[in-house]
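Topology and contacts: notes
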Amino acid sequence: MAASPKKDRNNRRQQILESLALMLEQSPGARITTANLAKEVGVTEAALYRHFPSKGKMFEGLIEFVEESVFSRISRIMKEDKSSQDKIEGILTLVLAFAEKNPGICRILMGDALAGEKDRLRVRVSQFFERLEAQIKRILREAAIREGKRSTLVASKASNLLVALAEGRIHQFVRSEFKQAPLEGWSEQWNYLSKGLLV
């Protein structure tokens, strides 16, 4: 039985996004053209535009993939019967592990691949990190109610610091052309940081 046209369309969209992510990984610092992407996928540029009206929409598809992948897993972490500190560690480790597994997408998260693209893409990436920060801030605030523990820093400042640390590690990964892995030395750094996080 032949695959339905809708399934074929979805498979081709997925293939385009995977090829774009791979090209971002294999050519650090390089600008990706639709001509090169079409060649990588094995289709014409016109065929690319049948699936995505613009290159910006392709980047948006990858940002959606990040949001869905990360926040669906964060929802699961939030439902686990763990301490607030363990939940925060789980979320930050998840983000760093996701980055390590998807090097090309890190170039989008750091804005490196979005030069010359629409502002709305940079806004959307900013919103991803803001949402992450809000989630950690919520955990810190709830720690007082759930566990009788308080953040040694104001929750908004502590959550900002923790997300800035994760962003910095992802930035180092991109800057080192994916040689300095986001999880390298992370557990030792977390052990150091977590000692003064909640009291």
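The present account deals with the structure reproduced in this document. Owing to the predicted nature of the structure, the values given are computational and were not obtained by experimental measurement. (Residues numbered from 1 in each chain as written. Predicted model: local features only at pLDDT ≥ 70, side-chain atom pairs only at ≥ 80, totals over all residues. Heavy atoms only, no water.)

1. Comments concerning unusual backbone geometry
- Although it is not a glycine, Glu177 sits at a positive phi angle of roughly 55°.
- Assignment of secondary structure puts Glu177 in the loop between helix H8 (155–175) and helix H9 (186–194).
- When its relative accessible area of 45% is taken as the criterion, Glu177 is described as partly exposed. (Helix = DSSP H or I, 4+ residues; strand = E, 2+ residues; numbered from the N terminus. Buried < 20%, exposed > 50% of the residue type's maximum accessible area, 1.4 Å probe, protein only.)

2. Remarks on the nonpolar core
- Membership of the largest hydrophobic core comes to 60 residues, with the highest contact counts inside it found for Leu37, Ile88 and Ile108.
- Counting residues per element, this core draws most heavily on helix H4 (residues 55–79), at 10 residues.
- Not counting chain neighbours up to four residues away, the residues in contact with Ile88 comprise Ile136, Ile139, Leu140, Leu162, Trp190 and Leu197. (Core = buried A, V, L, I, M, F, W, Y, C linked by side-chain atoms within 4.5 Å. Contact = heavy atoms within 4.5 Å.)

3. What to know about the packing of helix H5 (residues 84–101) against H9
- Two elements in contact, H5 and H9, have axes whose closest approach is 12 Å; the angle formed by their N-to-C orientations is 150°. If you check the angle between H5 and H9, you find them roughly antiparallel. For H5 against H9, the interelement crossing comes out right-handed. For the pair H5 and H9, contact is made by Gln85, Ile88, Glu89, Leu92, Thr93 and Leu96 and by Trp186, Trp190 and Ser194, respectively. (Axes fitted to C-alpha atoms, helices over the stretch in contact; angles between N-to-C directions. Parallel < 35°, antiparallel > 145°, perpendicular 65-115°, else oblique. Left-handed = near helix turned anticlockwise from the far one by under 90°.)

4. Points about the pattern of salt bridges
- Applying the stated rule across the entire model yields 12 salt bridges.
- Between Arg120 and Glu60 there is a salt bridge, with its nearest N and O atoms 2.4 Å apart. Of this pair, Arg120 sits in helix H7 (residues 119–147) while Glu60 is found in helix H4, placing the two residues 60 residues apart along the sequence.
- Given the relative accessible area of 13%, Glu60 is considered buried.
- Linking Arg146 and Glu147 is a salt bridge whose minimum nitrogen-to-oxygen distance equals 3.3 Å.
- Taken together, the shared-partner salt bridges in this structure form one network comprising Lys57, Glu60, Glu64, Glu67, Arg120 and Arg124. (Salt bridge = Lys/Arg side-chain N within 4 Å of Asp/Glu carboxyl O.)

5. Details of the side chain of Arg169
- Its location among the elements puts Arg169 in helix H8.
- Despite being buried, Arg169 has no salt bridge partner; Glu184 is the closest side chain of opposite charge, sitting 6.8 Å away.
- Reaching out from Arg169, the side chain makes a polar contact with the backbone oxygen of Pro182 at a distance of 2.6 Å.
- With near-sequence residues (within four places) excluded, Arg169 lies in contact with Leu96, Ala181, Pro182, Leu183, Glu184, Gly185, Trp186 and Gln189. (Lys, Arg positive; Asp, Glu negative; His and termini not counted. Polar contact = N/O pair within 3.5 Å; in protein donor to acceptor, adjacent residues only side chain to side chain.)

6. Side note on the environment of Ala155
- Examined against the element boundaries, Ala155 turns out to sit in helix H8.
- Considering only alpha carbons, one finds Ala155 and Glu142, 13 residues apart in sequence, at a separation of 10.0 Å.

7. Considering the environment of Glu100
- Locating Glu100 in the fold gives a position in helix H5.
- Separated by 78 residues in sequence, Glu100 and Phe178 place their C-alpha atoms 8.3 Å apart.
- If we skip the residues at most four places from it in the chain, Glu100 touches Phe173, Ala181, Pro182 and Leu183.

8. A short note on the environment of Met78
- Checked against the element boundaries, Met78 lands in helix H4.
- On the basis of relative accessibility, which here comes to 17%, the residue Met78 falls in the buried class.
- Met78 sits 60 residues away from Glu18 along the chain, and the two C-alpha atoms are 29 Å apart.
- Not counting residues within four places of it along the chain, the set of residues in contact with Met78 comprises Lys87, Ile91, Gln135, Arg138 and Ile139.

Interpretation in functional terms is not warranted from these geometric data alone.
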